[in-house]
2 protein chains.
Amino acid sequence: MLEERKKKVLKAIVEEYINTAEPVSSNSIVNNYDLNYSSATIRNEMADLEKIGLLEKTHTSSGRVPSEKGYRYYVDELIKEDNISLEEVKYISDKLETKVNEIEELTKIAANTISEVTHYTAVSIGPKTNKQIIDNIKFVLLNTRMMLAIILTDAGLVKETIIKFDEDVNEKQVETMNYMFNNKLKGEPIEKIDRPLEEYLYDEMTYSVKVIKPVIEQIKKALGEEQLHLEGANKSFELPEFNSLEVAKNFVNILDKKDLVEDVLESGLAEDINVYIGEENKQDELKDFSVVTFKHKVGDKDLGTIGIIGPKRMDYSKVISVMKYINKKLKDIE
Amino acid sequence: MLEERKKKVLKAIVEEYINTAEPVSSNSIVNNYDLNYSSATIRNEMADLEKIGLLEKTHTSSGRVPSEKGYRYYVDELIKEDNISLEEVKYISDKLETKVNEIEELTKIAANTISEVTHYTAVSIGPKTNKQIIDNIKFVLLNTRMMLAIILTDAGLVKETIIKFDEDVNEKQVETMNYMFNNKLKGEPIEKIDRPLEEYLYDEMTYSVKVIKPVIEQIKKALGEEQLHLEGANKSFELPEFNSLEVAKNFVNILDKKDLVEDVLESGLAEDINVYIGEENKQDELKDFSVVTFKHKVGDKDLGTIGIIGPKRMDYSKVISVMKYINKKLKDIE
DNA sequence: TTTTAGCACTCTTCATTTTTGATTGCTAAT
DNA sequence: ATTAGCAATCAAAAATGAAGAGTGCTAAAA
């Protein structure tokens, strides 16, 4: 347990560093934060905080910079109040009130809003489908060789996909499919659309493999496609840490790897807001960045995940407050 | 009209510069290209080419760099043969053979392929819908307050969109809508879904505005949404010109502005391949970049546009060859 | 007339040195 | 326990200098 004054010093240094991106000197916090001690006293405290690994120096005569452990302590112990202004609350409420017909659309809007308010890069991904319960499957014949499959889940998710055939298909066949698929799948989780089901259907239906196979294949493909979305990639480039070409390049590379970003969004374990600082990230590529994510959930229903990827020197207090507020708002909507 | 030797010198300089990104000296092209003259002779030619504005110097004692006019001359007059290898042809053919059910998907794959083969950043956008002829409109009731609208066009495009209602809707209403919309719109271009049509439908149908209005609104919205797609943003960052932070930042900013990229893709006027070099771009933001685009078209049917955004020092010969080949292949598929 | 060898001149790049200034840690006084 | 004061440290910026790549021009050669 840290003494009260040490906490104050650490908090001041973290916040000053978040603001300026420059190593923080003993003098600068004496002047700008209400610590009525001389710089020498602060220096002693800083030396202590460095000893227990919460601060770091870039070189012997430089100011201090928070270590990852320092940020972690700050996030866990030193941010108490919400850091969100009335204007921001208003702005967020307004944007989330847009009428949308699809959950994915809402998630995108939320990601966009977070990026706008925090000035960091946001990513989002639609709901994980494979655990969702199938409520209804509809097939609609578009023409003799083209059909639309529509899958509705209990979470209110609607997925459509086009299926093309190599031979003509008629209404009667589609009706049978409608019956068979619903009969077999209604109430089951989406992941049930698997190998055994395929075989069952081959057996059960008299229609050729040429008809059933593309249906199953395409449905699986469509449901598997995670729709990744990116907001405000350019915003990060305004930050001083992105003046290093290496950092900028790494960042672009990360955003370009969809699998990686997906993995980042999916690896959040906490109930509400996940914060991963630098090396805490499971992904090697992210060890110089911080990530904050949350799952948009109503009950057990997973409706998508939204995250921010930014520098370790991230305004955690703002980001977490905004995310909490948006998460709450989203729950209200659904 | 340029003398033959001057053409050779210009070609050599442009190609050397495309390869090395370094100002080209008289010596380097004497050694590496088959110009059997002394460096002094080449220097004289270079001075002449500079006088007529095809070359530039970065400072008095530096080698030459092509001017935009120089690149233009190179593109228009100096690239004759296709610059595409057997391996590349094979690679492209293989990738385009992937079975896809939607045109947008095919366009994405094509964009990805172009990016892979040329190592530049590719962007693509789905077809402009408003001129397409409506072949069929289908409405499918998903539940009492949710409906799916499916629009098929003569170009083989299928667009679906979900529509939510504030009041319950029944099958009979949907049937009437099916009839009315098709009756009024089949054979008409999509842009016909406009104000007069709305009013006509309000009059003609007995259902409340609460039902008709969201249908029209949402259909218009869904059809208006251009699906922008990006491939290989990170590839550009490997190029030496992107070592300048300013250039890198500009580039990220461009890619982030969807309207701008859309505009870039849409502003191609040429019949097949459009090449815009630096200041030739209508968009201010692109004056330090070059853009090559083409429209994926079958007959009059617009099926999407694909483009590359890269440095002015772009391998025009490779990019144009690859695009021509892919364009041809795409036509074969449809 | 065209081409080229040769050389002075220009300018960038890179490495090295010097200067400046911010900041610390320590010591001794408060 | 706190702080004033000061030497020591180190990065960043500025200044200096040497090396080298490339040109343009002139006068000779083809």
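Since we're looking at a predicted model, the values are computed, not measured. (Residues numbered from 1 in each chain as written. Chains lettered and ligands numbered in written order. Predicted model: local features only at pLDDT ≥ 70, side-chain atom pairs only at ≥ 80, totals over all residues. Heavy atoms only, no water.)

1. Regarding the overall build of chain A
Across its full length, chain A carries 13 helices and ten strands. Taken over the C-alpha trace, chain A has a radius of gyration of 26 Å; the compact-globule value for 334 residues is 20 Å, which it surpasses by more than 25%. With the C-alpha coordinates of chain A rotated into their principal frame, the extents come out at 85 × 40 × 35 Å. A separation threshold of at least 6 residues defines the contact pool for chain A, and within that pool the share at least 24 residues apart is 59%. Of the side chains in chain A, 47 bear a positive and 62 a negative charge, and the two mean positions are spaced by 1 Å. (Helix = DSSP H or I, 4+ residues; strand = E, 2+ residues; numbered from the N terminus. Rg over C-alpha atoms; globule rule 2.2 N^0.38 Å. Contact = heavy atoms within 4.5 Å. Lys, Arg positive; Asp, Glu negative; His and termini not counted. Charge placed at Lys NZ, Arg CZ, Asp CG, Glu CD.)

2. What to know about the domain arrangement of chain A
What the domain assignment lists for chain A is domain 1 (4-78), domain 2 (86-128 + 228-333) and domain 3 (130-224). Just the C-alpha atoms count here: the centres of domain 1 of chain A and domain 3 of chain A sit 60 Å apart. (Domains from an automatic or database assignment.)

3. Comments concerning the relation of the copies chain A and chain B
Once turned by 179 degrees and shifted 0.1 Å along the axis, chain A lies on chain B with an RMSD of 0.1 Å. The superposition operator between the copies reduces to a two-fold rotation axis. Closest to the rotation axis within chain A is the C-alpha of Leu245 of chain A, separated from it by 3.5 Å. (Least-squares fit on C-alpha atoms with pLDDT ≥ 70 in both.)

4. Focus on the environment of Val140 of chain A
Tracing the backbone shows Val140 of chain A in strand β4 (residues 134-143). We classify Val140 of chain A as buried; its relative accessible area is 12%. With 88 residues separating them along the chain, Val140 of chain A and Leu228 of chain A place their C-alpha atoms 27 Å apart. Apart from residues no more than four positions distant in its own chain, Val140 of chain A is found in contact with Met147, Leu148 and Ile150 of chain A together with Lys138, Val140 and Ile150 of chain B. (Buried < 20%, exposed > 50% of the residue type's maximum accessible area, 1.4 Å probe, protein only.)

5. A few points about the protein's contact with DNA strand D
Thr41, Thr60 and Ser61 of chain A together with Ser26 and Arg43 of chain B are the nearest of the 21 residues found near DNA strand D. At 3.0 Å from a phosphate oxygen of DNA strand D is found a main-chain nitrogen or oxygen belonging to Ser38 of chain A. The contact in question runs from a phosphate oxygen of DNA strand D to an N or O atom on the side chain of Thr41 of chain A, over 2.4 Å. When grouped by side-chain class, the residues that make up the surface near DNA strand D number four nonpolar, twelve polar and five charged. (Near = heavy atom within 4 Å. Polar contact = N/O pair within 3.5 Å; in protein donor to acceptor, adjacent residues only side chain to side chain. Nonpolar A, V, L, I, M, F, W, Y, C, P; charged D, E, K, R; others polar.)

6. Quick word on the pattern of salt bridges
Two side chains with opposite charge may pair up if their charged atoms get near one another. Applying the stated criterion to the full structure yields 42 salt bridges over all chains. Three or more residues joined by partner-sharing salt bridges are found here, namely Glu3, Arg5, Lys6, Glu45 and Asp48 of chain A. (Salt bridge = Lys/Arg side-chain N within 4 Å of Asp/Glu carboxyl O.)

7. Points about the nonpolar core
Membership of the largest hydrophobic core comes to 139 residues, with the highest contact counts inside it found for Tyr316 and Ile326 of chain A together with Tyr316 and Ile326 of chain B. Those residues within four positions of Tyr316 of chain A in sequence are excluded, and the remaining contacts are Tyr71, Tyr74, Val75, Ile79, Val275, Ile277 and Ser290 of chain A. (Core = buried A, V, L, I, M, F, W, Y, C linked by side-chain atoms within 4.5 Å.)

8. A word on the protein's contact with DNA strand C
Within the structure, DNA strand C sits among 21 residues, and Ser26 of chain A together with Ser38, Thr41, Thr60 and Ser61 of chain B are positioned closest to it. Counted by atom, the contact set of DNA strand C within 4 Å of the protein is 81% sugar and phosphate. At 3.0 Å from a phosphate oxygen of DNA strand C is found a side-chain nitrogen or oxygen belonging to Arg5 of chain B. Sorting the residues of the surface near DNA strand C by element identifies α3 (39-51) of chain A together with α3 (39-51) of chain B as the ones contributing at least two each. The greatest single-element share of the surface near DNA strand C, amounting to four residues, is contributed by α3 of chain B.

9. Some details on helix α11 (residues 245-256) of chain B
All names here are of chain B. The end-to-end C-alpha separation of α11 is 16 Å, in line with the 16 Å expected for twelve residues at 1.5 Å each. Three or more residues of α11 are buried, namely Ala248, Phe251, Val252, Ile254 and Leu255. Across the axial projection of α11, the buried residues extend over an arc of 160 degrees, all falling on one side. (Expected span 1.5 Å × (residues − 1). Arc of directions from axis to C-beta.)

10. Describing the interface of chain A and chain B
Chain A puts 33 residues into the contact, and the matching count from chain B is 34 residues. The junction of chain A with chain B conceals about 3200 Å² of combined surface from both sides, 54% of it contributed by carbon and sulfur atoms. One salt bridge connects Lys249 of chain B with Glu238 of chain A, and the closest N-O pair in it is separated by 3.9 Å. Each residue belonging to the side of chain A that touches chain B can be placed in one class, and the counts come to 16 nonpolar, seven polar and ten charged. (Buried area = accessible area lost by both parts, 1.4 Å probe.)

11. Some details on the packing of aromatic side chains
Residues and elements named next belong to chain B. As enumerated under the stated definition, the model contains 15 aromatic pairs over all chains in all. Ring geometry for Phe139 versus Phe181: centroids 5.0 Å apart, planes at 75 degrees, classification edge-to-face. Taken as a pair, Phe139 in strand β4 (residues 134-143) and Phe181 in helix α7 (residues 171-185) lie far apart in primary sequence, 42 residues in all. Residue Phe181 is classed as buried on the basis of its relative accessible area of 1%. (Phe/Tyr/Trp six-rings, centres within 6.5 Å; stacked < 30°, edge-to-face > 60°.)

12. A short note on the sheet that holds β4 of chain B
All names here are of chain B. The three strands lie next to each other as β4-β5-β6, forming an open sheet whose pairing is antiparallel. Strands with a single pairing partner mark the edges of an open sheet, and in this sheet they are β4 and β6 (158-164). Averaged over all neighbouring strand pairs, the angle between strand axes comes to 20 degrees, with direction disregarded. Pairing between strand β5 (residues 146-153) and β6: seven bridges, direction antiparallel. Within β6, the residue paired with Ile151 across the bridge is Lys159. (Pairing = 2+ DSSP bridges. Axes fitted to C-alpha atoms, helices over the stretch in contact; angles between N-to-C directions.)

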